[in-house]
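If you want the building blocks of each chain, they are given just below.
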Amino acid sequence: MTAEPNATNPARDVPVIEIRDLHKSYGQLEVLKGVDMTAPKGHVISLIGSSGSGKSTLLRCCNLLEDSQQGDILFEGEAVRWRGTGLNRHPADKAQVLRIRTNLSMVFQQFNLWAHMSILQNVMEAPLTVLKRDPAEVEEKARGYLAKVGIADKADVWPAQLSGGQQQRAAIARALCMEPRALLFDEPTSALDPELEQEVIKVIKALAEEGRTMIIVTHDMKLAADVSDHVVFLHKGKIEEEGPPDTLFGNPQTERLRGFLSATM
Ligand code: ADP
Ligand code: MG
């Protein structure tokens, strides 16, 4: 018998993540000014926009790494419960935060692997310590995910012995080993040389084809166009334009998006 702390039983059509009218400030600086975003199950959402537009903040608000001052965050239909208001608003229920955070695994630009642990230990760490899973079972799964991202042979080496692309693939295996409901990527290829970028993109594309729910912050318009069901263009903390990639990239409606695309593509 295995405990399944990450298992819930959502109705089919309930989005994995739903954000409604989200406002977020750092002190006096309002960086999200009423954002709505929905990630239906099995969909890939890309978040694009200039540096400083609030993409990372929005992603970090989704899995409650950041507080927000106003608006709702729903995970599989379950609204985050808050206490306090304004800059004093925080999630009220620690168990709920843990459940949401472990179900929305984040992959960061800088990989953030533990330098003092082998690659296998990195991948096993959270399922063992946070989810309290059985070690033998976790090891089997961890090795499976390392194989899936193409670095099964790197299980016993230190992160520093891997290339950036291999480290990022290890970070993706680590996120997968939590068996989350969705993966959140924050500029997963930005720290990589172009030739290493492709090996990570290949993994992300394979995950999209598997029907995983993902939100991807990216500066890579080709990646966004290739993998997304829906693209959100953020400008100064507001959604300026959104839609299917064909429309957004092929027929942008706003001057701002046209300007952004001509500067980046
Ligand atoms: P993006 O990911 O689109 O580049 P961010 O979400 O990182 O944008 O940042 C949005 C705005 O919030 C920027 O003006 C940034 O300087 C500011 N910001 C981000 N993190 C913090 C923080 N921890 N404290 C204060 N300001 C922050
Ligand atoms: Mg960012």
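Not measured: the values here are computed from a predicted model.

A. Focus on the overall build of the protein. Along the protein, the regular secondary structure elements total nine helices and 12 strands. Each principal axis of the C-alpha atoms in the protein carries an extent, and together these give about 50 × 45 × 35 Å. In the protein, which comprises 265 residues, the share counted as buried stands at 38%. Considering only contacts within the protein whose residues lie at least 6 apart along the sequence, 65% involve residues at least 24 apart.

B. Broad picture of the sheet that holds strand E12 (residues 238-243). Here we have six strands laid out as an open sheet, ordered E8-E9-E10-E3-E11-E12, and mixed in their pairing. Each having just a single partner strand, strand E8 (104-107) and E12 make up the two edges of the open sheet. Adjacent strand axes in the sheet meet at a mean angle of 20°, parallel and antiparallel pairs treated alike. Here four bridges tie E8 to strand E9 (residues 182-186), and the two strands are oriented parallel to one another.

C. Up close: the UniProt feature "domain: ABC transporter" (unreviewed entry) in the protein. Taking the numbering used here, the UniProt-annotated feature "domain: ABC transporter" (unreviewed entry) corresponds to residues 17-261. Helix and strand shares over residues 17-261 are 38% and 26% respectively, and the end C-alpha atoms of the span are 27 Å apart.

D. Local environment of the site of ligand 1. Around ligand 1, a shell composed of Tyr 26, Leu 29, Val 31, Gly 49, Ser 51, Gly 52, Ser 53, Gly 54, Lys 55, Ser 56 and Thr 57 is seen. Those elements that provide at least two residues to the shell around ligand 1 are strand E2 (29-39) and helix H1 (55-62). Looking at the shell around ligand 1 element by element, the count peaks at three residues for H1. For the shell around ligand 1, the class distribution of residues is three nonpolar, seven polar and one charged.

E. Main features of helix H4 (residues 135-148). Between its first and last C-alpha, H4 extends 20 Å over 14 residues, near the 20 Å set by a 1.5 Å rise per residue. Those residues of H4 lying buried are Val 138, Ala 142, Tyr 145 and Leu 146. Taken down its axis, H4 places every buried residue within 100° of arc, on the same side. Facing away from the buried surface of H4 by more than 90 degrees, the exposed residues are Ala 136, Glu 137 and Glu 140. Residues of H4 that are buried sit in contact with helix H3 (119-129) and helix H5 (164-177). After H4 finishes, the residue Gly 150 shows a positive phi value of roughly 85°.

What counts, and at which threshold
- Each chain has its residues counted from 1, following the order in which its sequence is written.
- Lettering for chains starts from A, numbering for ligands starts from 1, and both go in the order in which the items are written.
- Totals for whole chains, interfaces and linings use every residue, but because this is a predicted model, local features are given only for residues with pLDDT of at least 70 and side-chain atom pairs only at 80 or more, for both listing and counting.
- Helix and strand assignments come from DSSP, with helices taken as H or I runs of at least 4 residues and strands as E runs of at least 2, each series counted from the N terminus.
- Using C-beta atoms placed from the backbone, we call a residue buried if 20 or more other C-beta atoms fall within 10 Å of its own, exposed if 12 or fewer do, and partly exposed for counts in between.
- Contact between residues is assigned whenever the C-beta positions, reconstructed from backbone atoms, fall within 7 Å.
- What makes two strands pair is DSSP finding at least two bridges between them.
- Angles here are taken between N-to-C directions and fall from 0 to 180 degrees, while the axes themselves are lines fitted to C-alpha atoms, restricted in helices to the stretch in contact.
- UniProt positions are given in the numbering used here, feature names are shortened, and annotations may be inferred rather than shown by experiment.
- Near residues are defined by distance alone, with the backbone-placed C-beta atom required to lie within 6 Å of the molecule or strand.
- The nonpolar class holds Ala, Val, Leu, Ile, Met, Phe, Trp, Tyr, Cys and Pro. Asp, Glu, Lys and Arg form the charged class, and all remaining residues, Gly among them, are polar.
- Helix span, expected: 1.5 Å multiplied by one less than the number of residues in the helix.
- Read the arc as the range of directions from the helix axis to the C-beta atoms.

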